[in-house]
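Coordinate inspection notes
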Amino acid sequence: AVNWRAHGTDDRTMQAKDSAQDLSKLSIGDNFGHRFFIAPHRHTKTLYLVRHGEGYHNLHGEPSLGGDRANYKSEKYFDAHLTPKGWAQCRALKKHLDEAVTHDGCEHVMDRIELVVVSPLMRALETAVGCLGGDDKSCDPPASRLDSALMLSRTAIEGVRPAHAAIGTRNEGIREQPGRWRLKFLACELCREHVGENPCDRRRRTSEYARAFPGVDFSEISSEEDTAWGTMIETNDQMCERAHRFMEWVMRRPETHIAVVTHSAFMAAMLREFGATDQLGCHESVKRETHRWPNNCEMRPVVVIDPSGGGGLDPMFFPGGRTGLEDFDDAENV
């Protein structure tokens, strides 16, 4: 661990103790053990990283679930849908978000999210609308109001997908919900799963997704066909390079609080690449929390700091001095 000390502190300051606290629980060695970093708020984003719910490829390919890894190579699980359990996981996360409030109970946490960015693969799209969208609808909307549904209803296909009702946008009905009205959902190819040879990671035509998810914006996807899958087996370095491009894209956006619905391998690559726990001298518990492999339908909020200085405007910033004094009668006397 780095023997870090705040500028301007002396030994007496560092040895000071608050009798109301047991500082031994906070300290590392003889130091307080705290490493604080301050950056202007406009150079930060809060990301709510979400791994998709359980898909049929997980159910049949994951040994911990009783599956066989060879099934990941099966065309049967091409662009896999969520299982009934996966949809239940979405409902559990949605319930949590609908009920989660700030410590004083004055603000719903869901009200903070300004944008949902989602991988253009079926299981991620279903997870995004299932946990961050509105309520189930009794029927599909008319053609003139298709954008009021994030997802249209679908019938069951045995072993491929369960039946599911259409899902509306948030606050699209009588029941008032936490969260922004017509919260924007935006598909982004950069946060898709590892590009390789598994059919479950090959996406469909963009137009097919757009028909099934009319309330999701697919304008960021430039190609109708999946032009990446089958052309390469992405290395860890290549996936981390893609994570860099994704993060640059995110940091250029005006929103501050963004949900990102993605996949385990890409989420792990992001946390490995940007979770600089060794460089920052983080405590072992922080390292474990940062780099732990995500569960299905886990939401992990993280704060990103961009030290390159590329942040946008912060509406809370005020420069002070003589700014705004012209609006007051006594400005000349100040």
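For the structure given in this document, a descriptive report is provided here. (Residues numbered from 1 in each chain as written. Predicted model: local features only at pLDDT ≥ 70, side-chain atom pairs only at ≥ 80, totals over all residues. Heavy atoms only, no water.)

Brief notes about the nonpolar core
What counts, and what does not: Nine residue types can take part in a nonpolar core, namely buried Ala, Val, Leu, Ile, Met, Phe, Trp, Tyr and Cys, and a core is a set of them joined through side-chain atoms within 4.5 Å. We call a residue buried when its accessible area falls under 20% of the maximum for its residue type, exposed when it is over 50%, and partly exposed in between, using a 1.4 Å probe and counting protein chains only. The secondary structure listing takes helices from DSSP runs of H or I that are at least 4 residues long and strands from runs of E that are at least 2 residues long, numbered from the N terminus. Every residue pair with non-hydrogen atoms within 4.5 Å of one another is taken to be in contact.
Judged by nonpolar contacts, the single largest core of 34 residues is most densely connected at Val116, Leu132, Phe185 and Val216. Those elements that provide at least two residues to this core are strand E1 (44–51), helix H3 (84–99), strand E2 (115–118), helix H4 (122–132), strand E3 (149–151), strand E5 (184–187) and strand E7 (257–262). The biggest single contributor to this core is H4, with seven residues. When neighbours within four sequence positions are excluded, Phe185 is seen to be in contact with Val116, Ala128, Val129, Leu132, Gly133, Leu150, Gly215, Val216 and Asp217. In terms of nonpolar packing, the next biggest core, distinct from the first, is built from 25 residues, Leu49, Val117, Val250 and Leu271 among them.

Structural notes on unusual backbone geometry
The phi angle at Asp79 is positive, at roughly 40 degrees, despite the residue not being glycine. Phi is positive for Cys297, close to 65 degrees, though the residue is something other than glycine. Examined against the element boundaries, Cys297 turns out to sit in the loop between helix H8 (284–291) and strand E8 (299–305).

Some words on the packing of aromatic side chains
The condition that has to hold: Only rings of Phe, Tyr and Trp enter the pairing, Trp through its six-membered ring, and a pair is recorded when the two centres are within 6.5 Å. The plane angle decides the type: under 30 degrees is stacked, over 60 is edge-to-face, the rest tilted. Criterion for a charge above a ring: Arg CZ or Lys NZ at most 6 Å from the ring centre, at most 35 degrees from the ring normal.
Across all of its chains, the model carries three aromatic pairs by this definition. The interplanar angle of 10 degrees and the centroid separation of 6.2 Å between the aromatic rings of Tyr209 and Phe218 together place this pair among those described as stacked. Accessibility classification places Tyr209 together with Phe218 in one group, the buried group. An angle of 80 degrees between the planes, with centres 5.8 Å apart, marks the rings of Phe246 and Phe266 as edge-to-face. Here Phe246, found in helix H6 (residues 236–252), pairs with Phe266, found in helix H7 (residues 264–274); they are 20 residues apart in sequence, far enough to count as distant. On the basis of relative accessibility, which here comes to 0%, the residue Phe246 falls in the buried class. Taken together, the aromatic side chains of Phe246, Trp249 and Phe266 make up a single cluster linked through ring pairs. The lysine or arginine in question, Arg202, covers the ring of Trp229, its NZ or CZ lying 4.7 Å from the ring centre.

Side note on the packing of H6 against H7
Our working rule: Structural elements are reduced to axes, namely lines fitted to C-alpha atoms, with helices fitted over the stretch in contact, and the angle between N-to-C directions of any two is expressed from 0 to 180 degrees. Orientation is classified from the angle alone, with under 35 degrees giving roughly parallel, over 145 giving roughly antiparallel, 65 to 115 giving roughly perpendicular, and any other angle giving oblique. Gly is put with the polar residues, along with every residue not named as nonpolar or charged; the nonpolar set is Ala, Val, Leu, Ile, Met, Phe, Trp, Tyr, Cys and Pro, and the charged set is Asp, Glu, Lys and Arg.
Contact geometry for H6 and H7: axes closest at 9 Å, N-to-C directions at 80 degrees. It follows from the interaxial angle that H6 and H7 lie roughly perpendicular. Residue-level inspection shows Asn236, Met239, Cys240, Arg242, Ala243, His244, Phe246 and Met247 of H6 in contact with H7, the latter providing Ala265, Phe266, Ala269, Met270, Arg272, Glu273 and Phe274. Of the residues assigned to the contact of H6 with H7, the class counts are ten nonpolar, two polar and three charged.

Considering the sheet that holds E1
Using the following cut-off: Pairing between two strands requires that DSSP report at least two bridges joining them.
If you trace the six strands from one edge of the open sheet to the other, you get E6-E5-E2-E7-E1-E8, paired in mixed fashion. Each end of this open sheet is capped by a strand with a single partner; those strands are strand E6 (216–217) and E8. Of the strand pairs in this sheet, E1 and E7 are connected by six bridges, and their pairing is parallel. The residue bridging Tyr48 from the neighbouring strand is Ala259, located in E7. Strands E1, E2, E5, E7 and E8 of the sheet are contacted by H6, whose axis makes an angle of about 125 degrees with E1. On top of the sheet, H7 reaches E1, E7 and E8; it is set at about 150 degrees to E1, its chief contact.

The quantities given are spatial measurements derived from coordinates; they are silent on function.
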